[in-house]
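As a plain string of letters, each chain reads:
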Amino acid sequence: EADIYQTPRYLVIGTGKKITLECSQTMGHDKMYWYQQDPGMELHLIHYSYGVNSTEKGDLSSESTVSRIRTEHFPLTLESARPSHTSQYLCASGLGGAEAFFGQGTRLTVV
Amino acid sequence: AQSVTQLDSHVSVSEGTPVLLRCNYSSSYSPSLFWYVQHPNKGLQLLLKYTSAATLVKGINGFEAEFKKSETSFHLTKPSAHMSDAAEYFCVLYNFNKFYFGSGTKLNVKP
């Protein structure tokens, strides 16, 4: 079992609220990633990080932001949630081409 | 450009029969390739990976995949399907510090 954790697993929240999805890993990986996955659809990279103080936008445009103040922590924030943000968000960490370890995901529903 | 195409969105087999999940890739350079499996409400789990060593790669749970550069393919196979194999499978390419996902293949295993 990989040591990467996402909280919460499920979140239902009202429009306009600010939310932070947590992702932590204890493997000391430099690279971390956030993917968005709509039901029945493929995963899209929305953010990634090469290490502390490094963040980059992914291939899919997202209104979310991320930070990487500590190696083990890569939170994703939505300042004002909207129904269009309803999706599953998957966090991953890795050592580059060797393998990526995935968390169990956060299912976000904005009502 | 880097991309992954999974040729079948759904595959249905009977228990005990062979499984073939097809994946083609496009990459500017020699890629690393992976197969991940996602069971309902679970995170993604690595099945196997190709990183320019042996072209026939064996993974967990009896799965294997063959890297064919001439065909730009990395198909996943298993000689005999088990009910517990029912899940969604993702073919993934790694290059330039990013993981590129296929759209996924849902495997259904009939008793």
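One structure accompanies this document, and this report is about it.

### A few points about the overall build of chain B
- Scanning chain B for helices and strands turns up zero helices and twelve strands.
- Along chain B, from the amino end to the carboxyl end, the secondary structure elements read β-β-β-β-β-β-β-β-β-β-β-β.
- In terms of overall dimensions, chain B has C-alpha extents of about 40 × 25 × 20 Å along its principal axes.
- Out of the 111 residues in chain B, the part that is buried amounts to 47%.
- Long-range contacts, defined here as pairs at least 24 residues apart, represent 56% of the contacts in chain B between residues at least 6 apart.
- For chain B, the computed accessible surface area is about 5,200 Å², with 52% contributed by carbon and sulfur atoms.
- Each charge class in chain B can be summarised by its mean position, and for the 10 positive and 7 negative side chains these summaries are 6 Å apart.

### Points about the packing of aromatic side chains
Residues and elements named next belong to chain B.
- Inspection of every chain in the model, using the stated rule, returns 15 aromatic pairs over all chains.
- A centroid spacing of 4.6 Å and a plane angle of 55 degrees characterise the contact between Tyr 94 and Phe 99, whose relative ring orientation is tilted. The same class applies to Tyr 94 and to Phe 99, which are both buried.

### Details of the pairing of strand S6 (residues 44-50) of chain B
All names here are of chain B.
- In terms of residue burial, S6 counts as a mostly covered element, since five of its seven residues are buried.
- Pairing analysis gives six bridges linking strand S5 (residues 32-38) to S6, with the strands arranged antiparallel. The residue of S6 that forms the bridge with Phe 34 is Lys 49.
- Adjacent in sequence and paired antiparallel, S5 and S6 are bridged by five residues, among which Asn 41 carries a positive phi angle near 60 degrees.

### Things to note about the state of the cysteines
Residues and elements named next belong to chain A.
- Evaluated as defined, the whole model comprises two disulfides over all chains.
- There is a disulfide in this structure between Cys 23 and Cys 91, and the S-S distance comes to 1.9 Å. Across the S-S bond linking Cys 23 and Cys 91, the dihedral sits near -75 degrees, which makes this disulfide left-handed. Remark: Cys 91 occurs in strand S9 (residues 87-94) and Cys 23 occurs in strand S3 (residues 19-25); sequence separation between them is 68 residues.
- Given a relative accessible area of 0%, Cys 23 falls into the buried group.

### Structural notes on the pairing of strand S4 (residues 31-37) of chain A
All names here are of chain A.
- For S4, a buried count of seven out of seven residues is recorded, marking the element as mostly surrounded by other parts of the structure.
- Side chains Lys 31, Tyr 33, Tyr 35 and Gln 37 project from S4 onto one buried face, and the interleaved Met 32, Trp 34 and Gln 36 project onto a second face that is buried too.
- Across seven bridges, the pairing between S4 and S9 is antiparallel. Considered in S9, the bridge of Gln 37 is made with Gln 88.
- Here six bridges tie S4 to strand S5 (residues 43-51), and the two strands are oriented antiparallel to one another. Opposite Trp 34, over in S5, you have His 47 as the bridge partner.
- Taking the residues that link successive antiparallel strands as the turn, the S4-S5 hairpin has five residues, and the phi of Gly 40 there is positive, at about 70 degrees.

### Quick look at the interface of chain B and chain A
- Every contact between the two is made by 21 residues of chain B and, on the other side, 25 residues of chain A.
- Taken over both partners, the interface formed by chain B and chain A buries close to 1,900 Å², and the fraction arising from carbon and sulfur atoms is 51%.
- Counting every contact that joins chain B to chain A gives one salt bridge.
- Here A:Asp59 makes a salt bridge to B:Lys98, at a shortest N to O gap of 3.2 Å.
- Joining chain B to chain A, the criterion identifies four residue pairs in polar contact (both at pLDDT 80 or more).

### With respect to the layout of surface pockets
- Its volume calculated, the second largest pocket comes out at about 300 Å³.
- A:Gln37, A:Gln88, A:Arg107, B:Gln38 and B:Glu88 are the residues nearest the centre of the second largest pocket, which is lined by 18 residues in total.
- Breaking the lining of the second largest pocket down by element, the ones donating at least two residues are S9 and strand S11 (106-110) of chain A together with strand S10 (87-95) of chain B.

Conventions adopted
Residues numbered from 1 in each chain as written. Chains lettered and ligands numbered in written order. Predicted model: local features only at pLDDT ≥ 70, side-chain atom pairs only at ≥ 80, totals over all residues. Heavy atoms only, no water. Helix = DSSP H or I, 4+ residues; strand = E, 2+ residues; numbered from the N terminus. Buried < 20%, exposed > 50% of the residue type's maximum accessible area, 1.4 Å probe, protein only. Contact = heavy atoms within 4.5 Å. Areas by Shrake-Rupley, 256 points an atom, 1.4 Å probe, with all protein chains shown as cover. Lys, Arg positive; Asp, Glu negative; His and termini not counted. Charge placed at Lys NZ, Arg CZ, Asp CG, Glu CD. Phe/Tyr/Trp six-rings, centres within 6.5 Å; stacked < 30°, edge-to-face > 60°. Pairing = 2+ DSSP bridges. Disulfide = S-S within 2.5 Å. Buried area = accessible area lost by both parts, 1.4 Å probe. Salt bridge = Lys/Arg side-chain N within 4 Å of Asp/Glu carboxyl O. Polar contact = N/O pair within 3.5 Å; in protein donor to acceptor, adjacent residues only side chain to side chain. 1 Å grid on protein atoms, 1.4 Å probe; cavity = no way out; pocket = protein on both sides within 12 Å on 5 of 7 lines; lining within 4 Å. Points joined across faces, edges and corners; volume = space filled by probe spheres on them.

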